[in-house]
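Tertiary structure, described
For reference, the chains in residue letters:
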Amino acid sequence: MKVYRRDREYPQEYKEVLEELSTVIDPISTMNILDAGLLAGLDVSDNTLKIWLAVESNAYYNMIGGAAIAHSKIIGDIMERFALVKFPRVYIYDMKNNLLAKFEKK
């Protein structure tokens, strides 16, 4: 995993993913997930995209309500842009490396 930092130079395949991720909006802050600090890291290969979001576990979301809806929307937007469209396998994790979402083309 490459830890995301705005000032880091990334290979072309990462730049393309980051450009697309910059269009995913956090409904709570109304900023894109890069500017909002929600993207913690990513790993890009020919057929797999792994993304780590700076969010708590799903159990925590269930207790606080509104954040669960916002983060579900972010995860859905990421899947919509990448799953099957650009990558046959997409995995999204939280900061504890818990799998939040998975798409695998069968």
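For the structure itself, look to the data block above.
In this report, we go over the structure that sits alongside the text.

Cut-off values and rules
- Residues numbered from 1 in each chain as written.
- Predicted model: local features only at pLDDT ≥ 70, side-chain atom pairs only at ≥ 80, totals over all residues.
- Heavy atoms only, no water.
- Helix = DSSP H or I, 4+ residues; strand = E, 2+ residues; numbered from the N terminus.
- Buried < 20%, exposed > 50% of the residue type's maximum accessible area, 1.4 Å probe, protein only.
- Contact = heavy atoms within 4.5 Å.
- Areas by Shrake-Rupley, 256 points an atom, 1.4 Å probe, with all protein chains shown as cover.
- Polar contact = N/O pair within 3.5 Å; in protein donor to acceptor, adjacent residues only side chain to side chain.
- Arc of directions from axis to C-beta.
- Phe/Tyr/Trp six-rings, centres within 6.5 Å; stacked < 30°, edge-to-face > 60°.
- Lys NZ or Arg CZ within 6 Å of the ring centre and 35° of its normal.
- Patch = residues over 30% accessible without salt bridge, like charges linked within 9 Å, V, L, I, M, F, W, Y side chains within 5 Å.
- Salt bridge = Lys/Arg side-chain N within 4 Å of Asp/Glu carboxyl O.
- Lys, Arg positive; Asp, Glu negative; His and termini not counted.
- Charge placed at Lys NZ, Arg CZ, Asp CG, Glu CD.
- Core = buried A, V, L, I, M, F, W, Y, C linked by side-chain atoms within 4.5 Å.

1. A word on the overall build of the protein chain
- Broken down by element type, the protein chain carries three helices and five strands.
- Traced from its N-terminal end to its C-terminal end, the protein chain shows the element sequence β-α-β-β-α-α-β-β.
- Within the span of the protein chain, comprising 106 residues, buried residues form 41% of the whole.
- Considering only contacts in the protein chain between residues 6 or more positions apart, those separated by 24 or more positions represent 51%.
- As presented, the protein chain carries roughly 6,100 Å² of accessible surface, and 50% of it is formed by carbon and sulfur atoms.

2. Describing the environment of D94
- The topology assignment puts D94 in the loop between β4 (89-93) and β5 (99-104).
- Each C-alpha atom of the pair D94 and A54 lies 6.2 Å from the other, and the pair is 40 residues apart in sequence.
- In this structure the side chain of D94 is engaged in a polar contact, spanning 2.9 Å, whose partner is the backbone nitrogen of K96.

3. A short note on helix α1 (residues 12-21)
- Buried within α1 we find Y14, V17, L18 and L21. Down the axis of α1, the sector holding all buried residues measures 100°, keeping them to one side.

4. Regarding the packing of aromatic side chains
- As enumerated under the stated definition, the model contains four aromatic pairs in all.
- Between Y4 and Y10, the aromatic rings sit 6.2 Å apart at their centres with planes inclined by 15°, giving stacked as the arrangement.
- Taking relative accessible area as the criterion, Y4 reaches 15% and is therefore assigned buried.
- Ring centres of F82 and F87 lie 6.2 Å apart, and the angle between their planes is 45°; on these two criteria the pair is classed as tilted. Here F82 matches F87 in class, with each residue buried.
- Pairwise contacts between aromatic rings join Y4, Y10 and Y14 into one cluster.
- Between the NZ or CZ atom of K2 and the centre of the ring of Y14, over which it lies, the distance is 5.5 Å.

5. Observations regarding a negative patch on the surface
- A cluster of acidic side chains, namely E13, E16, E19 and D46, defines a negative patch on the protein surface.
- In this fold, D46 is placed in the loop between β2 (39-44) and β3 (48-53).

6. Points about the nonpolar core
- L21, L53, I78 and I92 are the most contacted members of the largest nonpolar core, which totals 28 residues.
- At the level of secondary structure, the elements contributing two or more residues to this core comprise α1, β2, β3, α3 (66-82), β4 and β5.
- Top element by residues in this core is α3. It accounts for five residues.
- Sequence-distant contacts of I78, defined by excluding residues within four places in its chain, comprise L21, V24, I33, I51, L53, A83 and I92.

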